[in-house]
Amino acid sequence: MFKKILILLGSPKKNGNTAYLVKWFTQGARTKGARIEIINTSFLKYKSTGCNGCGACQKLDKYECVIKDQASQVLKKMALADVVVMATPLYFYSPSAQSKLVMDRMFCLYKYDDKTKATVSPLNGKTLILIASAFEDIGLDILKKTFAFIADYSDMKFKSLLIPNAGDSGNIKNNLSIRKKVVAFGKKTV
Ligand SMILES: Cc1cc2nc3c(=O)[nH]c(=O)nc-3n(C[C@H](O)[C@H](O)[C@H](O)COP(=O)(O)O)c2cc1C
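Residues numbered from 1 in each chain as written. Predicted model: local features only at pLDDT ≥ 70, side-chain atom pairs only at ≥ 80, totals over all residues. Heavy atoms only, no water.

Caption draft 1: Molecular detail of the sheet that holds strand E1 (residues 4–9). Sheet architecture is open: 5 strands sit in the order E2-E1-E3-E6-E7, paired in parallel fashion. Of all strands in the sheet, those with a lone pairing partner are strand E2 (35–40) and strand E7 (157–163), marking the two edges. Strand-to-strand twist across the sheet, computed as the mean angle between neighbouring axes with direction ignored, equals 15 degrees. In this sheet, E2 lies alongside E1 in parallel orientation, the contact comprising 6 bridges. Within the sheet, the bridge partner assigned to isoleucine 5 lies in E2 and is isoleucine 36. This element, helix H1 (residues 17–30), spans E1, E2, strand E3 (83–89), strand E6 (127–133) and E7 of the sheet and lies at about 170 degrees to E1. Strands in contact with helix H5 (residues 176–189) are E6 and E7; relative to E7, the strand with the most contacts, it is inclined by about 170 degrees. (Pairing = 2+ DSSP bridges. Helix = DSSP H or I, 4+ residues; strand = E, 2+ residues; numbered from the N terminus. Axes fitted to C-alpha atoms, helices over the stretch in contact; angles between N-to-C directions. Contact = heavy atoms within 4.5 Å.)

Pasting the structure below:
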């Protein structure tokens, strides 16, 4: 069975470094027959600026956000994917705000089971992949740690591809060695 991969691209730059990293990853993953959907979280229509913390999702039987907008549709897709890829530029040593608009609303994908004392999620057993770049060669380790914690909390397998010294937005476009590395990563991770 071919894997279903959902890629959340969290850069507002349509031809930026993250867009190229996603394009190359996709080229690699497609050689393995993966079914891939790419959603740029920068251009979704949101009815809220992230998670409101209303807690209403925790009272539902299903794993859905009660704010009905394009992000809630993405969250449903996350629950159905085999692999979730989060691709983000490093912004102030963090994921971009565009990524966080969907990330924080992932709260609806978790429920605490009083009986087993465990957190249950449709994400359990799936794979989380972080693809990230930064101008400098510091900071991506912090980002990786954040996503590793998310994977651990979600009982997901975790992989990452980090590109430090990527320069300004769009600079990696003609970098053949990065391109090869990312295509190879796409091939081997799915
Ligand atoms: C708002 C903003 C914040 C940034 N913060 C950092 C940072 O903390 N560390 C760093 O090395 N690069 C930082 N950068 C540079 C980007 O992470 C880097 O150029 C990235 O490859 C851009 O990807 P993109 O073209 O997809 O936007 C920042 C860029 C912007 C626009």
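Caption draft 2: Structural context of the site of the ligand. Taken together, 19 residues lie near the ligand, and Thr18, Leu90, Ser133, Gly167 and Ser169 sit nearest. Between the ligand and serine 169 there is a distance of 2.5 Å, counted from an oxygen atom to a side-chain nitrogen or oxygen. Taken by itself the ligand offers 650 Å² of open surface, and the protein chains cover 79% of this. In terms of residue class, the shell around the ligand is built from 8 nonpolar, 8 polar and 3 charged. (Near = heavy atom within 4 Å. Polar contact = N/O pair within 3.5 Å; in protein donor to acceptor, adjacent residues only side chain to side chain. Areas by Shrake-Rupley, 256 points an atom, 1.4 Å probe, with all protein chains shown as cover. Nonpolar A, V, L, I, M, F, W, Y, C, P; charged D, E, K, R; others polar.)

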